[in-house]
Amino acid sequence: MSTQHRMMDTSLALERLEITSSVGNRGTRLPGSVMREKTVPTSAHTHLNGCVPLTHQVAGHKYGVDKVGILQHPDGTVLKQLQPPPRGPREMQFYSMVYAEDTRDPCLLDLQGYLPKYYGTWSSPDAPTELYLRLEDVTRRFRKPCIMDVKIGQRSYDPFASQEKRQQQIRKYPLMEEIGFLVLGMRVYKLDSDTFDTYDQHFGRGLDQDTVKDGLSKFFHNGERLRKDAMAASVLKVQQILRWFEEQSRFHFYASSLLVVYEGSPDPAVPATTTGGAHEPHSPGVDGGDREVLLEYNNNIEQSLSTMYALHKQACTRPHHAATPDNGGWRRPATVAQQPNGNCNPRALEKLNQERGEGDGEQRGGGRGEEEEGSERMKMRGGRAQGQPEGDNVEVRMIDFAHVFPSESPDEGYIYGLKNLLRVLLEMLEE
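Bear in mind the structure is a predicted one, so any value in this text is a computation, not a measurement. (Residues numbered from 1 in each chain as written. Predicted model: local features only at pLDDT ≥ 70, side-chain atom pairs only at ≥ 80, totals over all residues. Heavy atoms only, no water.)

Student: Help me understand the nonpolar core, please; the structure alone is not making it clear to me.
Tutor: When a protein is soluble and globular, its nonpolar side chains tend to lie buried together. Grouped together as the largest cluster of nonpolar side chains are 68 residues, with contacts concentrated most on Phe94, Leu115, Phe253, Leu258 and Met398. Grouped together as the second largest cluster of nonpolar side chains are six residues, Val138, Ile147, Leu259 and Ile399 included. (Core = buried A, V, L, I, M, F, W, Y, C linked by side-chain atoms within 4.5 Å. Buried < 20%, exposed > 50% of the residue type's maximum accessible area, 1.4 Å probe, protein only.)

Dropping the structure here:
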């Protein structure tokens, strides 16, 4: 039996992951499902082997609130507890396939650039039956990470969902099919007050065609001005993901999200460290240099708008290219080299990479004969046209793969959501 059929057969009894409130247990409640919290770090209770709940989580199941949740390991990786079958095993199989050490599949090698790095599974000696996915902490290099979780697609249920589940999801967000994306949660650093505003799922559900632009603008507003630099860099990264989707016919993604992260600190020249650590932003209203830096960012955006619009137009008209599905077995995961920062133990993460058989100069899954092709793919991921804004202070990654299924056609629902999200962001940049 092919892998495609095995995956589909295991999906008949699946249940959709319910999204819980992303509002924390500290700070001041604001109108409209918003929480304001100070940036002073609070003591976190230690859990398994020194792990603590992920402080920057804005959506999904919270550790200590639900049966499953997300922890941060002392080495800086993120631990996502495996969901009950078939969702958890399906997500683990997906990561294992994408990061298989012997893969030469260009589609999967490109996809690695848009996912958190995968370090296999982890369990504590004290609780060996609790299995976790060990993933890269995408926020680790940011001092004041502004984070948004956006569910992408025209529907939040997969083809094997029961009629009851479908109706439940449609009632939750009836405009998902029309808009193509849903804001699940946001955490935004406010320069003027040195606080974070957190928006929960109820805020996102309240957005419609007329208000979605205003809702997204809250994510890019630092209390003093709209961060068009972060917005423009986000557009470029989303366009890269869109191009990958338009060139692949291997998978359909349901109830999957984009995690958008940008640096809220006003001084991008300062190296990233642990949030709330020694490097804190200047006090607002004291040093005018912060405002000059942001003004310079915004002024530089205008020159690149025409380029971005041309890229978006090209992406919207680009033809789909069929790909031959690979229904081979799931393989052992491999990892990719990364530079640890102040959010983790450098030696621990270096040791983790060495245990996975990883060298600093290795191509992900590529041999010497593929160096030129791999280099070209990396240019496509990280390169930028002349005059376009740098994306060093922005990350856009795909997350949540409990409902990914093999396919033989393009994922039109996900493509529709990406294009609509880009349309709104570009309209905001133009204003």
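Student: It is not clear to me how the confidence of the model for the protein should be interpreted in this structure. Could you clarify?
Tutor: Interpretation of this model should avoid reading the predicted coordinates in detail wherever pLDDT is low. For the protein, per-residue confidence averages 73 on the pLDDT scale, and residues scoring 70 or more make up 58% of the total. Overall, residues 1–26 carries pLDDT values under 50, and its contacts beyond four positions in sequence, including any with other chains, amount to 79 contacts. In the predicted structure, residues 359–371 sits below a pLDDT of 50 and forms 20 contacts with residues beyond four places in sequence or in another chain. (pLDDT = per-residue confidence, 0-100. Contact = heavy atoms within 4.5 Å.)

Student: Sorry if this is basic, but what is going on with the pattern of salt bridges here?
Tutor: Tallied over the full model, the rule gives 15 salt bridges. Note that Lys213 and Glu427 form a salt bridge whose closest N and O atoms lie 3.2 Å from each other. With a gap of 214 residues between them, Lys213 in helix α7 (residues 212–219) and Glu427 in helix α13 (residues 412–430) connect regions that are remote in the sequence. Overall, Lys213 belongs to the partly exposed group, its relative accessible area being 23%. (Salt bridge = Lys/Arg side-chain N within 4 Å of Asp/Glu carboxyl O. Helix = DSSP H or I, 4+ residues; strand = E, 2+ residues; numbered from the N terminus.)

Student: Looking at this model, I keep getting lost on the sheet that holds strand β5 (residues 78–81). Mind explaining?
Tutor: The strands making up a sheet associate through hydrogen bonds between their backbones, and the pairing can be parallel or antiparallel. On the basis of which strands lie adjacent, the open sheet formed by five strands has the order β3-β4-β5-β7-β6 and antiparallel pairing. Of all the strands in the sheet, just β3 (52–53) and β6 (118–124) have a single pairing partner and so form its edges. As paired elements, β6 and strand β7 (residues 127–135) share four bridges and run antiparallel to each other. Looking at the pairing, Ser124 lines up with Ala127 of β7. (Pairing = 2+ DSSP bridges.)

Student: Explain the environment of Pro174 to me, please; I cannot follow it from the model alone.
Tutor: By the element assignment, Pro174 lies in the loop between α4 (163–172) and α5 (176–179). Counting along the chain gives 19 residues from Pro174 to Arg155, while the straight-line C-alpha distance between them is 9.3 Å.

Student: Looking at this structure, how should I read the pairing of β5?
Tutor: Working note: regular strand, side chains alternate between the two faces of the sheet. Of the two faces of β5, the one holding Val78 and Lys80 and the one holding Leu79 and Gln81 are both buried throughout. Examined bridge by bridge, strand β4 (residues 70–72) and β5 share three bridges and lie antiparallel to one another. If you follow Leu71 over to β5, its bridge partner there is Leu79. Hairpin connection of β4 to β5: five residues between the antiparallel strands, including Gly76 at a positive phi of 100°. Relative to β7, β5 runs antiparallel, the two sharing four bridges. Across the sheet, residue Leu79 finds its bridge partner in β7, namely Arg134.

Student: Explanation requested: the side chain of Arg227 in the structure shown.
Tutor: Mapping Arg227 onto the fold places it in the loop between α7 and α8 (228–247). For Arg227, a relative accessible area of 4% corresponds to the buried category.

Student: Can you help me understand helix α2 (residues 87–98) in this one?
Tutor: Note: α-helices contain 3.6 residues per turn, so residues at a spacing of three or four share the same orientation. In a regular helix each residue adds 1.5 Å, so twelve residues correspond to 16 Å; α2 covers 17 Å between its end C-alpha atoms and thus fits that length. Among the twelve residues of α2, nine are classified as buried, and the element is accordingly described as predominantly covered. The complete set of buried residues in α2 reads Arg87, Gly88, Arg90, Glu91, Phe94, Tyr95, Ser96, Met97 and Val98. (Expected span 1.5 Å × (residues − 1).)

Student: It is not clear to me how the packing of α8 against α13 should be interpreted in this structure. Could you clarify?
Tutor: Two measures define how a pair of helices packs: the angle their axes make with one another and the distance between the axes. In the contact formed by α8 and α13, the axes pass within 10 Å of each other and the chain directions differ by 155°. Between α8 and α13, the interaxial angle falls into the category roughly antiparallel. Considering how the two elements wind past one another, α8 and α13 form a crossing that is left-handed. The segment α8 lies against α13, with Lys228, Met231, Ala232, Val235, Val238, Gln239, Ile241, Leu242, Phe245 and Glu246 engaging Tyr414, Ile415, Leu418, Lys419, Leu422, Leu425, Leu426, Met428 and Leu429. Classifying every residue of the contact of α8 with α13 gives 15 nonpolar, one polar and three charged. (Axes fitted to C-alpha atoms, helices over the stretch in contact; angles between N-to-C directions. Parallel < 35°, antiparallel > 145°, perpendicular 65-115°, else oblique. Left-handed = near helix turned anticlockwise from the far one by under 90°. Nonpolar A, V, L, I, M, F, W, Y, C, P; charged D, E, K, R; others polar.)

Student: I keep staring at unusual backbone geometry and nothing clicks. Help me out?
Tutor: A cis amide bond, omega 0°, links Pro85 with the succeeding residue Pro86. By secondary structure assignment, the location of Pro86 is in the loop between β5 and α2. Of note, Asp194 is a non-glycine position whose phi angle comes to about 55°, a positive value. Looking at the secondary structure, you find Asp194 in the loop between β9 (181–190) and β10 (195–199). Despite not being glycine, Ala255 shows a phi value in the positive range, around 55°. Among the structural elements, Ala255 can be located in the loop between β11 (251–253) and β12 (256–263). Given the relative accessible area of 4%, Ala255 is considered buried.

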